[in-house]
Amino acid sequence: MKKLLISMVLLLGLSMTVSAQKRPPAPPHPSKTELVNIKMQELTKKYNTEKKLILNHPLATKQMKRDQMKALNKRYETEKRLLREAK
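Values in this document were obtained by computation on a predicted structure and should not be read as measured data. (Residues numbered from 1 in each chain as written. Predicted model: local features only at pLDDT ≥ 70, side-chain atom pairs only at ≥ 80, totals over all residues. Heavy atoms only, no water.)

Undergrad: Could you give an account of helix α3 (residues 62-86), naming the residues involved and the relevant values?
TA: When the terminal C-alpha atoms of α3 are compared, their 36 Å separation across 25 residues agrees well with the 36 Å that a helix rising 1.5 Å per residue should span. The complete set of buried residues in α3 reads K65, M69, L72, Y76 and L83. At its buried positions, α3 is contacted by α2 (32-55). (Helix = DSSP H or I, 4+ residues; strand = E, 2+ residues; numbered from the N terminus. Expected span 1.5 Å × (residues − 1). Buried < 20%, exposed > 50% of the residue type's maximum accessible area, 1.4 Å probe, protein only. Contact = heavy atoms within 4.5 Å.)

Undergrad: Give me the lowdown on the packing of aromatic side chains, citing residues and values where you can.
TA: Each aromatic ring pair is summarised here by two numbers: the centre-to-centre distance and the angle between the ring planes. What the rule picks out here adds up to 1 aromatic pair. Taken together, a centroid distance of 4.3 Å and an interplanar angle of 25 degrees make the contact between Y47 and Y76 stacked. Placement of the pair is Y47 in helix α2 and Y76 in helix α3, with a sequence separation of 29 residues. (Phe/Tyr/Trp six-rings, centres within 6.5 Å; stacked < 30°, edge-to-face > 60°.)

Undergrad: I'd like to hear about the packing of α2 against α3, residue by residue, with values.
TA: In the contact formed by α2 and α3, the axes pass within 10 Å of each other and the chain directions differ by 180 degrees. Put simply, α2 runs roughly antiparallel to α3. For the pair α2 and α3, the contacting residues are K32, V36, K39, M40, L43, T44, Y47, E50, K51, I54 and L55 in the first and K65, Q68, M69, L72, N73, R75, Y76, E79, K80, L83, R84 and A86 in the second. Partitioned by chemical class, the residues of the contact of α2 with α3 number 11 nonpolar, 3 polar and 9 charged. (Axes fitted to C-alpha atoms, helices over the stretch in contact; angles between N-to-C directions. Parallel < 35°, antiparallel > 145°, perpendicular 65-115°, else oblique. Nonpolar A, V, L, I, M, F, W, Y, C, P; charged D, E, K, R; others polar.)

Undergrad: Outline empty space enclosed by the protein, listing residues and values.
TA: Considering all chains together, one arrives at 1 cavity of 30 Å³ or more under this definition. There is about 50 Å³ of room inside the largest cavity. Along the walls of the largest cavity sit L43, K46, Y47, E50, L72, R75, Y76 and E79, which together make up its complete lining. For the lining of the largest cavity, the secondary-structure elements that each account for two or more residues are α2 and α3. Its residues placed into classes, the lining of the largest cavity shows 4 nonpolar, no polar and 4 charged. (1 Å grid on protein atoms, 1.4 Å probe; cavity = no way out; pocket = protein on both sides within 12 Å on 5 of 7 lines; lining within 4 Å. Points joined across faces, edges and corners; volume = space filled by probe spheres on them.)

Dropping the structure here:
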């Protein structure tokens, strides 16, 4: 009876360690379109913050702001086009 009890405790302990080592299921990977949409949102957010910084700059003249906005818009359109092509 004592040997049976010891073997049951040992078996129970081994089964608990095996079940504790199981990994949780991996999270699902986002699809390519979901990744592109996330990147597009990040790009838009970045564009808006940079635009706000340019337009609210206290020392920049109107011509400087216009030039910076032109460069920002050109860069934004290029990156947006590249993201659309990646879809």
